[in-house]
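The lines below spell out each chain.
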Amino acid sequence: MYVAVDYVSEFPIVLILSQASKVDGEFTIPLVYEIYRRCKEKGYKVPKNWVVDSGYDWLNIYQEIYQIYKGQVFILINKRNASQLPEGYYDFDRIPV
């Protein structure tokens, strides 16, 4: 189960059900897209900041949210994916700049 939750109210906004064998990161962009679509449809402000956990630390997620949705994604760095980090994106303490 993949759930996008409003961080203020803690209410679920979007829910996607999937087989357990699927990789978590595959569902980030579909969740973001669905929130984006619903906000546009209802005339709501589209979120600019997205916070997700380290299982979603994929280069394409940073890129798509920035380029397509004009937002900033904050992801706890997953040390296993350290080689995928964009060049110059982090300072020496591995904090986004």
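Residues numbered from 1 in each chain as written. Predicted model: local features only at pLDDT ≥ 70, side-chain atom pairs only at ≥ 80, totals over all residues. Heavy atoms only, no water.

- The name that an unreviewed UniProt entry assigns to the protein is Transposase IS4-like domain-containing protein, with the source organism given as Anoxybacter fermentans.

Some thoughts on the overall build of the protein
Move 1: On a plain count of helices and strands, the protein comes out with two helices and four strands.
Move 2: Along the protein, helices (α) and strands (β) appear in the sequence β-β-α-β-α-β when read from the amino end.
Move 3: A separation threshold of at least 6 residues defines the contact pool for the protein, and within that pool the share at least 24 residues apart is 32%.
Move 4: Taken as a whole, the protein presents about 7000 Å² of accessible surface, with 56% of it coming from carbon and sulfur. (Helix = DSSP H or I, 4+ residues; strand = E, 2+ residues; numbered from the N terminus. Contact = heavy atoms within 4.5 Å. Areas by Shrake-Rupley, 256 points an atom, 1.4 Å probe, with all protein chains shown as cover.)

Things to note about the packing of aromatic side chains
Move 1: Within the structure shown, the criterion is met by two aromatic pairs.
Move 2: Taken together, a centroid distance of 4.2 Å and an interplanar angle of 15° make the contact between Tyr2 and Phe27 stacked. Taken together, the residues span a long stretch of sequence, with Tyr2 in strand E1 (residues 2-5) and Phe27 in the loop between strand E2 (12-16) and helix H1 (28-42) at a distance of 25 residues. One exposure class covers both Tyr2 and Phe27, and it is buried. (Phe/Tyr/Trp six-rings, centres within 6.5 Å; stacked < 30°, edge-to-face > 60°. Buried < 20%, exposed > 50% of the residue type's maximum accessible area, 1.4 Å probe, protein only.)

Some remarks on the layout of surface pockets
Move 1: Estimated volume of the largest pocket: approximately 820 Å³.
Move 2: Around the largest pocket, the lining is made up of 26 residues, and of these Val5, Ile13, Ile35, Pro47 and Trp50 lie nearest the centre.
Move 3: Of all the elements in the fold, those that place two or more residues in the lining of the largest pocket are E1, H1 and strand E3 (49-52).
Move 4: Among the elements that make up the lining of the largest pocket, the one with the highest residue count is H1 (seven residues). (1 Å grid on protein atoms, 1.4 Å probe; cavity = no way out; pocket = protein on both sides within 12 Å on 5 of 7 lines; lining within 4 Å. Points joined across faces, edges and corners; volume = space filled by probe spheres on them.)

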